[in-house]
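Per-entry structural report
The chain contents come next:
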Amino acid sequence: MQHSEQCNCQKCKSIRMKSKALELVQSRMSSPSSSSSVLEVTALMSMLRSQEKNHRETITKTVSGKTTRKSIKSLLSECEKDETFDPRVFFPRDFKSFLLTGYVPKIDVSGSTKVSSLKNPVFVLGCGRSGTTILSSILSHIPGAIFLNEPRLVWINALERFDVWSTQSDRREGTLRLDTGDVSKISASFLRNAHLDILNASSNDKSSFILEKFPEHAFKIPALLRIFPDAKFIHIIRDPHDVASSIGSFEAHTWFGATGRKWNEICKIATQRLKIISRNALMRDVKDNLALRGVIEWAVAMYTIENDVASVWPSDDKTKHFLELKYEDLVSDPVRTIRIASRFITEQKDYCDKDLELFASSSIKKSPEKKKRRKDILNFIQSNKFIQDMASRKGY
């Protein structure tokens, strides 16, 4: 795949914008008195064209010569480190190239039955920057757990619309929200067989199970249950201020998509599906403030999960399939929090793994002092009734 000259990635758009500005300047500098300036502008334009060419060639090289079809086993073998399983084996190795090209290798699944039955997977989800990674990393030490950290390659192979990050996300009609009807039988079968292949290639233990962490699964519980009807879900929540402050430290294209597709999907859910904020308020109050966008993402994730859980499970059945934890509890009392989570996963009410709990205690870095809270984030939360109500219900 070549990096399109009409690419909408941030770098290409910036180069094209500068080129157009210089062309406009050049068109107005025709008098002899400004000949040196004309030469200077011409040189700048040439440099920009060269930068754009080099940029396209660099990105094209990252995807050229790669095998177009790969099996689960071959992908696993490429990423093994010291004979240990790499949780990011199905995450794009060069994330920048993925954003700019949308390239993912085609994955073949066999669906072999070496594992007699597919044990129910466990999905760790929540708004990004809420502690999904550290929680999953600790839980991955439960015996039999095969940890997958955001396996985008697998999901995009099964459902192109899963991509809300790359420059191809618009063409793929990427969406954050996936309902039951959005998953075909073919896609569901592919994903179940992919899980079987991963288990077969990673472990001979029939009690092994997939532990998959993916924050964006917060918007896909109905679809996940269509594929894995008895799956378990662990939702970790965090103070919306701290989530938003963390999201605000990222670049827009890496967090909300190279073309802004992810942010547009969040806005669509917020304004049309949930109706927790108006489009005018988003344009007026949020604009390009990434931290305030983070507040919206947090609220949209919380309301979506709350609504889905209420509609999917009767109250007396929820505890078997859904667990909600707080990041602050994980930090303040990691032993107790991990014990609750591990008992939920193993379905053993007296389950106690001292080594796991010791690992949890050593993995959590307690912050010596609370960072200063941003007024713009706090004011924005307090100014929106829906967001403030949700924060209050979650204890913040």
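What comes next concerns the included structure. The written sequence of each chain sets the order in which its residues are numbered from 1. Predicted model: local features are reported for residues with pLDDT of at least 70 only, side-chain atom pairs are reported and counted for 80 or more only, and whole-chain, interface and lining totals are derived from all residues. Computation of side-chain values: all heavy atoms of the structure, hydrogens and water removed.

Quick look at helix α7 (residues 185–202)
Rules: Comment: elements are numbered from the N terminus, with helices defined as DSSP H or I runs of at least four residues and strands as E runs of at least two. In a helix, the anticipated span is given by 1.5 Å times the number of residues less one. Between buried and exposed lies partly exposed: a residue is buried under 20% and exposed over 50% of the maximum accessible area for its type, with that area taken using a 1.4 Å probe on protein chains only.
Relative to the 26 Å expected for 18 residues at 1.5 Å per residue, α7 spans 26 Å between its end C-alpha atoms, a close match to the ideal helical length. Every buried residue of α7 is listed here: Ser187, Ala188, Phe190, Leu191, Ala194, His195, Leu196, Asp197, Ile198, Leu199 and Asn200.

Some remarks on the packing of helix α9 (residues 240–247) against helix α13 (residues 290–312)
Here is the rule we go by: Axis definition: a line fitted to C-alpha atoms, limited for helices to the stretch in contact. Angles are taken between N-to-C directions and run from 0 to 180 degrees. Here roughly perpendicular refers to angles of 65 to 115 degrees, roughly parallel to angles under 35, roughly antiparallel to angles over 145, and oblique to all remaining angles. If you view the pair so one helix is near and one far, a crossing is left-handed when the near helix is turned anticlockwise from the far one by less than a right angle, and right-handed when it is turned clockwise. Residues are treated as being in contact if the distance between any of their heavy atoms lies within 4.5 Å.
Viewed as axis vectors pointing N to C, α9 and α13 meet at an angle of 135 degrees, and their least axial separation amounts to 7 Å. Judged on the interaxial angle alone, α13 and α9 are oblique. Seen along the crossing, α9 lies across α13 with a hand that is right-handed. Contacts from Pro240, Val243, Ala244 and Ile247 of α9 reach α13 at Leu290, Ala291, Gly294, Val295, Glu297 and Trp298.

So, the environment of Tyr396
Filter applied, for reference: Identification of polar contacts relies on pairs of N or O atoms within 3.5 Å, with a donor-acceptor requirement for protein atoms, meaning one able to donate a hydrogen and the other able to accept it, and with residues adjacent in sequence counted only if both atoms are side-chain atoms.
Considering the arrangement of structural elements, one finds Tyr396 in the segment after α19 (385–393). Non-local contacts of Tyr396, meaning those with residues more than four positions away in its chain, are made with Ile237, Arg238, Asp239, Pro240, Lys326, Glu328 and Ala391. Within the structure, the side chain of Tyr396 is placed 2.6 Å from the side chain of Glu328, a separation counted as a polar contact.

Focus: empty space enclosed by the protein
Basically, it comes down to this: Using protein atoms alone on a 1 Å grid, points that fit a 1.4 Å probe yet trap it form a cavity, whereas open point sets bounded by protein on both sides within 12 Å along at least five of seven lines form a pocket; residues with an atom within 4 Å of a point count as lining. Grid points are joined across faces, edges and corners, and a volume is the space filled by probe spheres set on the points.
For the coordinates displayed, the defined rule picks out one cavity of 30 Å³ or more. Computed from the structure, the largest cavity encloses a volume of approximately 30 Å³. What lines the largest cavity is Leu148, Pro151, Val154, Trp155, Leu191, His195 and Glu212. Going through the elements one at a time, α6 (152–158) and α7 are the ones with two or more residues in the lining of the largest cavity.

Some remarks on the pattern of salt bridges
Stated formally: The term salt bridge refers to a side-chain nitrogen of Lys or Arg lying within 4 Å of a carboxyl oxygen of Asp or Glu.
Throughout the structure, instances matching the rule amount to 23 salt bridges. Note that Lys262 is salt-bridged to Glu216, the shortest N-O span being 3.1 Å. With Lys262 in helix α11 (residues 261–273) and Glu216 in the loop between β5 (209–213) and α8 (221–227), this residue pair connects regions lying 46 residues apart in the sequence. For the pair shown, Lys262 and Glu216 are each scored as buried. Two residues, Arg373 and Asp239, come together in a salt bridge whose shortest N-O distance is 3.2 Å. Of this pair, Arg373 sits in the loop between α17 (354–363) and α18 (375–383) while Asp239 sits in the loop between β6 (232–237) and α9; the two residues are 134 residues apart in sequence, bridging distant segments of the chain. For Arg373, a relative accessible area of 32% puts it in the partly exposed group. Looking at Asp239, the relative accessible area reads 10%, which means it is buried. When salt bridges with common partners are traced through the structure, they connect Arg177, Asp179, Arg273 and Asp308 into a single cluster.

Some thoughts on unusual backbone geometry
Notably, Glu173 is not glycine yet its phi reads approximately 55 degrees, a positive angle. Among the structural elements, Glu173 can be located in the loop between α6 and α7. Relative accessible area serves as the criterion here: at 51%, Glu173 is assigned to the exposed category. We note that Glu347 has phi near 60 degrees; this positive angle belongs to a residue other than glycine. Its location among the elements puts Glu347 in the loop between α16 (334–346) and α17. Take Glu347: its relative accessible area is 52%, and that puts it in the exposed class.

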